[in-house]
Amino acid sequence: MKKTVRAHTNIALIKYWGKRDEELILPMNSSLSLTLDAFYTDTSVRFDETKTEDEFYLNDVQQTGSSLKKVQVILDLVRQQSGISHKAVVESQNHVPTAAGLASSASGMAALAGAASAAAGLELSRKDLSRLARRGSGSASRSVYGGFVEWQKGTNDLDSHAVPVDDADWDIGMLFILLNKKEKAVSSREGMKRTVETSPFYPSWVESTEQDLIQMKDAIQNRDFDTLGKLTERSALKMHATTLGAVEPFTYWEPDSLVAMELVRTLRSEGFHCYFTMDAGPNVKVLCRMSEAKELQRHLASRFGEDHVLLSGIGEGLKELS
Ligand code: DP6
């Protein structure tokens, strides 16, 4: 049985940064994200008794090495749970513009968890899909749901999963300022590990994030966009601050990232409702009011170029296509 599932990417507003268990991918802190409709992955899986090895095709190109290994983590868990021993053929199409340089592990691993479990005949609940996706990539646990989503850190493998918070249907969008598509020098996996192990700023990150999360959930409940935005910027700045204290120190920021952040601040002082965030790369994302997004996009594009500023609305959760 071949199953195809679509998952959208998500961007964290309260970041996940650091693991307390590397194999189970249990995070040090709970996080909160927004699922977006502009970027997504469609993944098909079939278990095939004639195959002697797992095969993984990404945008029609067969993958080997670490990229295949990450996929096999999910396949092995599904084989374990279903009792199927056959090898699998996995075909993924990433609908992320090639110039984007955006991480696709969240949508990729969530779509894979959905397709592999369905192809094996497992009828997993959303909660168990989130737990399964988490094992591929922490942020993928959140792509199971649409809108605002919290990944509760939990106490163990069973209760560390995402929960839906709000459908975000209240004039919200996100702009992506694409600055650089180069492969990142320090992956998020390696970067968070180094930070946890060596940065003296790390404990304050964990401690202060708990309060940020409570305040952000309040802001969402009250539809208080500006408090939501301020907390979003604060979480990103604090996360990135921890990397400067690591040994060896590193940063994902590039000169243009700072230019973009400053431009967002300037536009805000001119009356726009816009707040930046950044992940494990130089691109800057801007949380904004959908009703102001087109005008903001024009301002940002006049500095960074039209092809470099993309707009997204709110995305939905995992969806079985066939
Ligand atoms: C900065 O989910 O890619 O985007 O669990 O090691 O696969 P692994 O990491 P990943 O890390 C995402 C880090 C982040 C913040 C976030 O998405 O919460």
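Criteria and thresholds
- Residues numbered from 1 in each chain as written.
- Predicted model: local features only at pLDDT ≥ 70, side-chain atom pairs only at ≥ 80, totals over all residues.
- Heavy atoms only, no water.
- Helix = DSSP H or I, 4+ residues; strand = E, 2+ residues; numbered from the N terminus.
- Rg over C-alpha atoms; globule rule 2.2 N^0.38 Å.
- Contact = heavy atoms within 4.5 Å.
- Areas by Shrake-Rupley, 256 points an atom, 1.4 Å probe, with all protein chains shown as cover.
- Lys, Arg positive; Asp, Glu negative; His and termini not counted.
- Charge placed at Lys NZ, Arg CZ, Asp CG, Glu CD.
- Near = heavy atom within 4 Å.
- Polar contact = N/O pair within 3.5 Å; in protein donor to acceptor, adjacent residues only side chain to side chain.
- Nonpolar A, V, L, I, M, F, W, Y, C, P; charged D, E, K, R; others polar.
- Salt bridge = Lys/Arg side-chain N within 4 Å of Asp/Glu carboxyl O.
- Buried < 20%, exposed > 50% of the residue type's maximum accessible area, 1.4 Å probe, protein only.
- Axes fitted to C-alpha atoms, helices over the stretch in contact; angles between N-to-C directions.
- Parallel < 35°, antiparallel > 145°, perpendicular 65-115°, else oblique.
- Left-handed = near helix turned anticlockwise from the far one by under 90°.
- Pairing = 2+ DSSP bridges.

Student: In this structure, what is going on with the overall build of the protein? I would like to understand it.
Tutor: Broken down by element type, the protein carries eight helices and 14 strands. Its C-alpha atoms give the protein a radius of gyration of 19 Å, near enough to 20 Å, the size a compact globule of 322 residues would have. Each principal axis of the C-alpha distribution contributes one length, and for the protein these read about 60 × 40 × 40 Å. Sequence separation of 24 or more characterises 76% of the internal contacts of the protein that already satisfy a separation of 6 or more. Total accessible area on the protein stands at roughly 14,000 Å², and carbon and sulfur atoms take up 48% of it. The averaged location of the 44 negative side-chain charges in the protein is 2 Å from the averaged location of its 38 positive side-chain charges.

Student: What's the story with the site of the ligand in this structure? I'm lost.
Tutor: In the vicinity of the ligand there are 17 residues, among which Y16, K19, S137, G138 and S139 approach most closely. In this structure, an oxygen atom belonging to the ligand sits 2.6 Å away from a side-chain N or O atom of K19. Starting from 460 Å² of accessible surface for the ligand in isolation, the protein chains cover 93%. Here the shell around the ligand takes three residues from helix 4 (residues 188–198), the largest share from any one element. Grouping the amino acids of the shell around the ligand by side-chain chemistry returns seven nonpolar, five polar and five charged.

Student: I keep staring at the pattern of salt bridges and nothing clicks. Help me out?
Tutor: Opposite charge on two side chains allows them to pair when their charged atoms are near. Enumeration according to the criterion identifies 21 salt bridges in this entry. Among the salt bridges present, the one from D212 reaches R234, with a minimum N-O distance of 3.6 Å. You can see D212 sitting in helix 5 (residues 202–221) and its partner R234 sitting in helix 6 (residues 225–244), a full 22 residues away along the chain. The exposure class of D212 is buried, given its relative accessible area of 4%. Notably, a salt bridge pairs E233 with R268, separated by 2.6 Å at the nearest N-O pair. In this pair, E233 is assigned in helix 6 and R268 in helix 7 (residues 255–269), connecting sequence segments 35 residues apart.

Student: Please clarify how the packing of helix 1 (residues 65–82) against helix 2 (residues 105–119) should be interpreted in this entry.
Tutor: Geometrically, a packed helix pair is captured by the angle between its two axes and the distance between the axes. Closest axis-to-axis distance for the helix 1/helix 2 pair is 10 Å, and the angle between their directions is 30°. By the angle class used here, helix 1 and helix 2 are roughly parallel. Between helix 1 and helix 2 the crossing geometry is right-handed. Note on element contacts: helix 2 touches helix 1 through S105, M109, L112, A113, A116 and S117, opposite K70, V71, I74, L75 and V78. Across the contact of helix 1 with helix 2, the residue classes break down as eight nonpolar, two polar and one charged.

Student: Would you mind showing me how to read the pairing of strand 1 (residues 3–14) here?
Tutor: Within a regular strand, side chains alternate between the sheet's two faces. Burial analysis of strand 1 places 11 of its 12 residues in the buried class, the great majority of the element. Both strand 1 and strand 4 (residues 31–48) contribute to a ladder of 10 bridges, which runs antiparallel. Its bridge partner being in strand 4, H8 is matched across the sheet by Y40. Pairing geometry for strand 1 and strand 14 (residues 319–320), over two bridges, is antiparallel. When the bridges of strand 14 are listed, R6 appears paired with K319.

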